[in-house]
Amino acid sequence: KQEVTQIPAALSVPEGENLVLNCSFTDSAIYNLQWFRQDPGKGLTSLLLIQSSQREQTSGRLNASLDKSSGRSTLYIAASQPGDSATYLCAVGSGGTGTASKLTFGTGTRLQVTL
Amino acid sequence: DTGVSQDPRHKITKRGQNVTFRCDPISEHNRLYWYRQTLGQGPEFLTYFQNEAQLEKSRLLSDRFSAERPKGSFSTLEIQRTEQGDSAMYLCASSRLTLNYGYTFGSGTRLTVV
């Protein structure tokens, strides 16, 4: 059974700092890994999708890496801003054919960026 | 592409009542998924459809839960005889049937059972 762990559970940083969020998973047989952002009481917004054959993906100030063999992914946020404050969820895609039929989520890292 | 739509956004119901939620996926997406999220936890898989066929159901989906996608377009999730433990955010997502395509989630339906 796939298990996903995210560390730290919560993080508070001053504006402008670079930061790294960590995600680990137990079963390396995955289709892909997706990072999401969730604001309080809202749905999930997709940030980055890394296919199992890829090592990293970048979008603006965000960079996500994937090391499938060690079961780890990191999300790097450069020059953090107060608007980045949210919960960040890591989800591993597995099962099915063609594309992942199931996402297994971690419990998230709650990020607060202070002025 | 109007995104994944869920209705209603919020639902408060008394214990024992039945509730139904609706999800409209992105039109060209073959797959539709339901997840449940409780406070402080990540979403948990409930079930998914490929076109109109329901291909997998989680053990979390008790006999009181039923999901349909009758024409391979929108989907409904019904909970019968609601219990307080059913209180959660119910999230719908959709995706293409293309290798390594990511998911797009809706805004969710927050259910409170009183």
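See above for the structure.
Reference entry: report on the structure contained in this document. (Residues numbered from 1 in each chain as written. Chains lettered and ligands numbered in written order. Predicted model: local features only at pLDDT ≥ 70, side-chain atom pairs only at ≥ 80, totals over all residues. Heavy atoms only, no water.)

Topic: the packing of aromatic side chains
Logical step 1: Considering all chains together, one arrives at twelve aromatic pairs over all chains under this definition.
Logical step 2: Ring geometry for Phe-105 of chain A and Tyr-35 of chain B: centres 5.9 Å apart, planes at 80 degrees, overall edge-to-face. Of the two residues, Phe-105 of chain A is situated in strand S10 (residues 102–105) and Tyr-35 of chain B in strand S4 (residues 31–37); the pairing between them involves two chains. The pair formed by Phe-105 of chain A and Tyr-35 of chain B is uniform in burial state, with each residue classed as buried.
Logical step 3: Ring centres 6.1 Å apart and planes at 75 degrees place the aromatic pair Phe-105 of chain A and Phe-105 of chain B in the edge-to-face group. (Phe/Tyr/Trp six-rings, centres within 6.5 Å; stacked < 30°, edge-to-face > 60°. Helix = DSSP H or I, 4+ residues; strand = E, 2+ residues; numbered from the N terminus. Buried < 20%, exposed > 50% of the residue type's maximum accessible area, 1.4 Å probe, protein only.)

A look at unusual backbone geometry
Logical step 1: Look at the link from Ile-7 of chain A to Pro-8 of chain A: it is a cis peptide, with omega at -5 degrees.
Logical step 2: On the secondary structure map, Pro-8 of chain A appears in the loop between strand S1 (4–7) and strand S2 (10–14).
Logical step 3: The step from Asp-7 of chain B to Pro-8 of chain B runs through a cis peptide bond, and the omega angle for that step is -5 degrees.
Logical step 4: Note that Pro-8 of chain B resides in the loop between strand S1 (5–7) and strand S2 (10–13).

Looking at the environment of His-29 of chain B
Residue and element names in this part refer to chain B.
Logical step 1: Tracing the chain through its elements places His-29 in the loop between strand S3 (19–24) and S4.
Logical step 2: Residue class for His-29 comes out buried when judged on its relative accessible area of 4%.
Logical step 3: Measuring from C-alpha to C-alpha, the distance between His-29 and Asn-18 comes to 29 Å, with eleven residues separating the pair along the chain.
Logical step 4: Setting aside chain neighbours within four positions, we find His-29 in contact with Arg-69, Ser-94, Ser-95, Arg-96, Tyr-101 and Thr-104. (Contact = heavy atoms within 4.5 Å.)

Things to note about the interface of chain B and chain A
Logical step 1: The partner chain A presents 24 residues to the 27 residues of chain B that form the contact.
Logical step 2: Carbon and sulfur atoms supply 49% of the area that chain B and chain A bury against each other, a total of about 1,900 Å² over both sides.
Logical step 3: In this assembly, chain B and chain A are joined by one salt bridge.
Logical step 4: Glu-56 of chain B is paired through a salt bridge with Lys-102 of chain A; the nearest N and O atoms lie 2.9 Å apart.
Logical step 5: On the surface where chain B and chain A come into contact, there are six residue pairs in polar contact (both at pLDDT 80 or more). (Buried area = accessible area lost by both parts, 1.4 Å probe. Salt bridge = Lys/Arg side-chain N within 4 Å of Asp/Glu carboxyl O. Polar contact = N/O pair within 3.5 Å; in protein donor to acceptor, adjacent residues only side chain to side chain.)

Quick word on the sheet that holds strand S7 (residues 62–67) of chain A
Residues and elements named next belong to chain A.
Logical step 1: With antiparallel pairing, five strands are arranged side by side in an open sheet as S1-S3-S8-S7-S6. Pairing within the sheet leaves two strands with one partner each, and these edge strands are S1 and strand S6 (56–59). Strand after strand, the sheet turns through a mean of 15 degrees between neighbouring axes, direction not considered.
Logical step 2: Bridge count between strand S3 (residues 19–25) and strand S8 (residues 72–77): six bridges; the pairing is antiparallel. Residue Leu-21 lies in a different strand from S8, and its bridge partner there is Leu-75. (Pairing = 2+ DSSP bridges. Axes fitted to C-alpha atoms, helices over the stretch in contact; angles between N-to-C directions.)

Function cannot be read off these values alone, since they describe shape.
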